[in-house]
Amino acid sequence: MKNIVILISGSGSNMAAIVRAAEQGRWAERLNARVAAVLSNRTDAQGLDFAKDHGIPTTVLDHKAFASREDFDAALMAEIDQHAPALVVLAGFMRILTPGFVAHYAGRLLNIHPSLLPAFPGLNTHQRAIDAGCKFAGATVHQVTSELDHGAILAQAVVPVLAGDTADTLAARVLTQEHLIYPQAVAGYLAQSPMRSNRG
Ligand code: GAR
């Protein structure tokens, strides 16, 4: 079985979209894949309840309890590796990852970013797109490299910027598209990824 481990920090709506797609699309039968665990760096991440309700084990590792970014990432890797993941999915995981973490999961680490990369890496993407006068905004699913919001692009969704849009209205419109492209990109990745040995 190909295990997927999803990392969240907040509402976890992209994680929920992937879990629903796995259930409704029968990924266990069709792709020999399952969401094996959901991890969060915040105890108050709302997405944890959704995961528990769907029978998915959850773990919280509070980054504030660690002396350094390296210590936190080492503990996070140990937790993730218990699931021998074929794929680690960042879904609103709002942490900058150390090069060691990124190298450890090279080729099996995906992220979704709320802009049309390479435009607007980093934070406040929607306000920056509005301020720049962009006619289109969107979201990007990409492989993670040690450079922030870089890496091979697997999927993008394009959304018009409408007159009167605020960062919030644009973010909401983009998020509905994220919920479509992220599960599709994950399923596409799993369909072509090699099997890794694990306990499940
Ligand atoms: C999503 O819009 C995602 O693209 C963004 O955070 C939101 C998380 O929502 N990610 C980043 O900004 C990463 N740099 P969710 O928790 O409801 O999935």
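Refer to the structure above for everything that follows.
Residues numbered from 1 in each chain as written. Predicted model: local features only at pLDDT ≥ 70, side-chain atom pairs only at ≥ 80, totals over all residues. Heavy atoms only, no water.

Participant: Sorry, what's going on with helix α7 (residues 167–192) here?
Facilitator: Within an α-helix, residues lying three or four positions from one another point in the same direction, as the helix has 3.6 residues per turn. The end-to-end C-alpha distance of α7, which contains 26 residues, comes to 36 Å, matching closely the 38 Å that a straight helix rising 1.5 Å per residue would cover. Along α7, the largest kink reaches about 25° and is centred on E178. Among the residues of α7, L170, V174, E178, I181, Y182, P183, A185, V186, A187, Y189 and L190 are the ones counted as buried. (Helix = DSSP H or I, 4+ residues; strand = E, 2+ residues; numbered from the N terminus. Expected span 1.5 Å × (residues − 1). Bend = angle between axes of the 7 residues up to and from the residue. Buried < 20%, exposed > 50% of the residue type's maximum accessible area, 1.4 Å probe, protein only.)

Participant: Would you explain the site of the ligand in this entry?
Facilitator: Around the ligand, the structure places S11, G12, S13, N14, G92, M94, I112, H113, P114, L175 and E178. Separating an oxygen atom of the ligand from a side-chain N or O atom of S13 is a distance of 2.5 Å. Measuring from an oxygen atom of the ligand, one finds a backbone N or O atom of N14 at 2.9 Å. The fraction of the free accessible surface of the ligand (450 Å²) that becomes covered by protein chains is 85%. When each cavity is represented as a set of grid points, the ligand is found to reside in the largest pocket. At the level of elements, α1 (13–24), β5 (109–113) and α7 are the ones that each hand at least two residues to the shell around the ligand. Residue composition of the shell around the ligand, grouped by class: four nonpolar, six polar and one charged. (Near = heavy atom within 4 Å. Polar contact = N/O pair within 3.5 Å; in protein donor to acceptor, adjacent residues only side chain to side chain. Areas by Shrake-Rupley, 256 points an atom, 1.4 Å probe, with all protein chains shown as cover. 1 Å grid on protein atoms, 1.4 Å probe; cavity = no way out; pocket = protein on both sides within 12 Å on 5 of 7 lines; lining within 4 Å. Sits in = over half its atoms within 2 Å of the grid points. Nonpolar A, V, L, I, M, F, W, Y, C, P; charged D, E, K, R; others polar.)

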